[in-house]
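The chain contents come next:
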Amino acid sequence: MKYSEFFIPTVKDVPSDAEIISHKLMIKAGMIKQSSAGIYSWLPLGLKVLKNIEQIVREEQDNVGANEMLMPTIQSADLWIKSGRYDDYGKEMLRITDRSGREMLYGPTNEELITDIFQTYITSYKELPKNLYHIQWKFRDEVRPRFGVMRGREFLMKDNYSFDLNEEKAKISYNNMFKAYIKTFLRMGLTPISLRAETGPIGGNLSHEFQILANTGESKLYYDKELESLDPESLDPDKLQSYYAAVDDQHDENKCPIKKEDLKISRGIEVGHIFYFGTKYSEKLNAYVQDQNGKKIAVHMGSYGIGVSRLAGALIEANHDEKGIKWPRSVAPFKLSIVNLMPDDQNCTTKALDYYSNFMNQKIDTLYDDRDCSVGKKLKDNDLIGTPIQIIIGKRDLSAGIIEIRDRQLDLSQKIKIDDVEKFVLQKLNS
Ligand code: ATP
Ligand code: MG
């Protein structure tokens, strides 16, 4: 993509209600624009990030055999009346009346709808287990929408629902999801900390929350240091669940089961939440199957959420400096920037275009900064939008046979001989 042809409306000043760094940087980098309280338009750069996050989430779900589908945003109130949540959900639910006076709502979550779909088609234990998910916009009329996309009213969530014959099997599904969640966050370059959690209005008796570490996070976390060095290839959910981890108000120094030198204290942001809630919805919404003996059994369910749009903000909270965003490679909107400092110079432009077509041919999503603006603005903007690797082409360097390569995450610039540039960049991109 050529910068001059791409819409990245970077801005200097942010509105005063942008309190936290990710909110400020998303506005400054031209990723989002608020449309009304807690509701945002995702501008091209923001959307690229959102899609990269979504794709990692999707791949890790598909890897454990979950099936993607898509349920509507607008739901009829009927099923919610049956489950008892139409009243329970209170003012967080956006209620809508259609032209014939039917009560509808903008879905804050999908337990009711998915249970109804399940019970329409599945009648035998032979068809279990099933795990269905979608990645869809939700609406919750939060009391205090704030922190940009981190607590929006409209937000993108990945939600799964698992269906099993009994509690024992449901826990296998739960643990598969647990593992997929840890992998998902690790792939984004984040450090996930899983904690035992309250089940809240969803109900049930087993739940974990997933927080990612960020100095600016809302919660203070106390956890076993082992949780900071997980190997994605050998994750054991039972073992992971046995490590100590607690939020501030659960932690008691005198009762803490691990040694002081093994205890880490950091701040975190909640990005995922999983629940096993047994037969709560299947009983109310008639999701029964026949077991081996022909007996009718209410299916055991779990639900599993990841805040896809919240992750865009959380990733920035975990990866930034005073110059802007430092995207981890896996979610960066562009993996590489080619910054042509002298577009008027024939040699610089030839070299820049050369690299651009070369890396694009290798399917590396590259931003070619061909803009006719000051050198300072170019360097600043590329740091602000956080491209992990930047090839900076200047006239003097070029005639000396060198090119500057900038590693945004390390905040390090190195001068490399022209012949070595491609190899060096590819190595960096794959590291
Ligand atoms: P919270 O305690 O933050 O309100 P929750 O318990 O209501 O979260 P869930 O219903 O479990 O959240 O939703 C699953 C995930 O969706 C959360 O872990 C979070 O990442 C995301 N999420 C929830 N509410 C919002 C929101 N208002 N804006 C953005 N993301 C959200
Ligand atoms: Mg909530």
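Scroll up for the structure.
Reading guide: rules and limits
- Residues numbered from 1 in each chain as written.
- Chains lettered and ligands numbered in written order.
- Predicted model: local features only at pLDDT ≥ 70, side-chain atom pairs only at ≥ 80, totals over all residues.
- Heavy atoms only, no water.
- Pairing = 2+ DSSP bridges.
- Helix = DSSP H or I, 4+ residues; strand = E, 2+ residues; numbered from the N terminus.
- Axes fitted to C-alpha atoms, helices over the stretch in contact; angles between N-to-C directions.
- Near = heavy atom within 4 Å.
- Polar contact = N/O pair within 3.5 Å; in protein donor to acceptor, adjacent residues only side chain to side chain.
- Areas by Shrake-Rupley, 256 points an atom, 1.4 Å probe, with all protein chains shown as cover.
- 1 Å grid on protein atoms, 1.4 Å probe; cavity = no way out; pocket = protein on both sides within 12 Å on 5 of 7 lines; lining within 4 Å.
- Sits in = over half its atoms within 2 Å of the grid points.
- Points joined across faces, edges and corners; volume = space filled by probe spheres on them.
- Nonpolar A, V, L, I, M, F, W, Y, C, P; charged D, E, K, R; others polar.

### Examining the sheet that holds strand 6 (residues 103–106)
Taken in spatial order, the three strands make up an open sheet running 4-6-5, and their pairing is antiparallel. Two strands lie at the open edges of the sheet, namely strand 4 (74–76) and strand 5 (94–97), each paired on one side alone. Here the average twist between neighbouring strands, direction ignored, is 35°. Where strand 5 lies against strand 6, four bridges are found, and the strand directions are antiparallel. The residue of strand 6 that forms the bridge with Arg95 is Leu105.

### Quick word on the site of ligand 1
Inspection of the region around ligand 1 gives 15 residues, with Arg140, Glu142, Arg151, Gly152 and Glu270 positioned closest. Take His273: an N or O atom from its side chain is 3.4 Å from an oxygen atom of ligand 1. Between ligand 1 and Gly307, the relevant distance is 3.4 Å, taken from an oxygen atom to a main-chain nitrogen or oxygen of the residue. With the chains in place, 83% of the 580 Å² that ligand 1 exposes on its own is no longer accessible. Of the pockets mapped on this structure, ligand 1 occupies the largest pocket. Of all the elements in the fold, those that place two or more residues in the shell around ligand 1 are strand 8 (154–164) and strand 13 (263–278). Top element by residues in the shell around ligand 1 is strand 13. It accounts for five residues.

### Here we look at the layout of surface pockets
In this model, the largest pocket occupies a volume close to 1,100 Å³. Along the walls of the largest pocket sit 46 residues, with Arg140, Arg151, Glu270, His273 and Arg310 positioned nearest its centre. For the lining of the largest pocket, the elements supplying multiple residues, two or more each, are helix 4 (85–88), strand 8, strand 10 (206–213), strand 13, strand 16 (300–307) and helix 9 (308–318). Here the lining of the largest pocket takes seven residues from strand 13, the largest share from any one element. Along the lines of polarity and charge, the residues of the lining of the largest pocket split into 16 nonpolar, 15 polar and 15 charged. Of the pockets and cavities examined, the second largest pocket occupies roughly 390 Å³. The wall of the second largest pocket is formed by 14 residues, among which Val11, Lys12, Lys28, Lys380 and Leu384 lie closest to the centre. Contributing elements (two or more residues each) for the lining of the second largest pocket: helix 1 (21–28) and helix 11 (375–385).

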